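For reference, the chains in residue letters:
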Amino acid sequence: NGEYSVRLTDDYIPEVRLNKRWLQRFKQRKGDDAEREYFRKKIQSAQWIIDAILQRRQTLEKVTRAIIERQRDFLDQGPEHIHPLKMQQIADQVGVHVTTVSRAVDDKWVQTPRGTFPLKRFFGGGTTTQDGEEVAYELIKQKMLDVVAAEDKTNPLSDEDLMAKLNEAGYPVARRTVTKYRKLLKIPSSRQRRQWGGSTPA
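Criteria and thresholds
Residues numbered from 1 in each chain as written. Predicted model: local features only at pLDDT ≥ 70, side-chain atom pairs only at ≥ 80, totals over all residues. Heavy atoms only, no water. Buried < 20%, exposed > 50% of the residue type's maximum accessible area, 1.4 Å probe, protein only. Helix = DSSP H or I, 4+ residues; strand = E, 2+ residues; numbered from the N terminus. Arc of directions from axis to C-beta. Contact = heavy atoms within 4.5 Å. Phe/Tyr/Trp six-rings, centres within 6.5 Å; stacked < 30°, edge-to-face > 60°. Lys NZ or Arg CZ within 6 Å of the ring centre and 35° of its normal. 1 Å grid on protein atoms, 1.4 Å probe; cavity = no way out; pocket = protein on both sides within 12 Å on 5 of 7 lines; lining within 4 Å. Points joined across faces, edges and corners; volume = space filled by probe spheres on them. Nonpolar A, V, L, I, M, F, W, Y, C, P; charged D, E, K, R; others polar. Salt bridge = Lys/Arg side-chain N within 4 Å of Asp/Glu carboxyl O.

**A closer look at helix H7 (residues 159-168)**
Every buried residue of H7 is listed here: Asp159, Leu162, Met163 and Leu166. The arc that holds every buried residue of H7, seen down its axis, measures 100°, which confines them to one face. The elements touched by buried residues of H7 are helix H6 (137-150) and helix H8 (175-184).

Set out below in structure tokens:
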């Protein structure tokens, strides 16, 4: 009905449960007091682990749902529509500590209509454009990729030129930021991107 649903794909993970044989023995009050106390502690520890796994599963689902709600435009229209998002915002929405969110999304991936991404992909700061619109740093990186893809390869743009192009497009960034993003995106320097035209002399 026009909404995204979230499902945790952990069917391949075996279920953790208490051993029925030992649980039944404990309930039947077999053994002396020392043995029963031993079983009680072990069962209590096992149940704690089971509850912790369930709670972690529920937290991951809640966190993912909150991320999907915040990044609906990303899923509907593509990565260039990602919004600035901090883990603290998700923590406040879900009602957990920010470190819980950090642990929940660590090394977790989500399959979406736009592809499969690490959950951390949806987090990031942002800046304000010249028009006063908040944009994610991820969007600026995407714009940089577009500018580099469209450049004249016989005369590629320097980091200074890239900065000017982004500023012209309404994205105020410093040259050092351009250099940082270029390296993160594994874009070679302008010298390395240059393609030499013309014929080879005889």
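**Remarks on the packing of aromatic side chains**
Summed over the entire model, instances satisfying the criterion amount to five aromatic pairs. With a centroid separation of 6.1 Å and an interplanar angle of 80°, the aromatic rings of Phe117 and Phe122 are classed as edge-to-face. Classification of Phe117 as buried rests on a relative accessible area of 13%. For Phe122, a relative accessible area of 0% translates into the label buried. Arg194 extends its terminal NZ or CZ atom over the ring of Trp196, reaching a point 5.2 Å from the ring centre.

**Focus on the layout of surface pockets**
Size it by volume and the largest pocket reaches roughly 1,000 Å³. Among the secondary structure elements, those contributing two or more residues to the lining of the largest pocket are helix H2 (33-70) and strand E1 (109-112). It is H2 that provides the largest number of residues to the lining of the largest pocket, a total of nine residues. Among the residues making up the lining of the largest pocket, the classes are represented as 17 nonpolar, five polar and eight charged.

**Comments concerning the pattern of salt bridges**
Enumeration according to the criterion identifies 11 salt bridges in this entry. A salt bridge links Arg40 to Glu37, with the shortest nitrogen-to-oxygen separation between them at 2.7 Å. Separated by three residues within a single helix, Arg40 and Glu37 lie in helix H2, roughly one turn from each other. Take Glu37: its relative accessible area is 33%, and that puts it in the partly exposed class. Arg57 is paired through a salt bridge with Glu61; the nearest N and O atoms lie 3.0 Å apart. Here Glu61 and Arg57 lie together in helix H2, a separation of four residues that amounts to about one turn. Residue classification places Arg57 among the partly exposed residues on the basis of a relative accessible area of 31%. Where salt bridges share partners, they join Glu3, Arg72 and Asp76 into one cluster.

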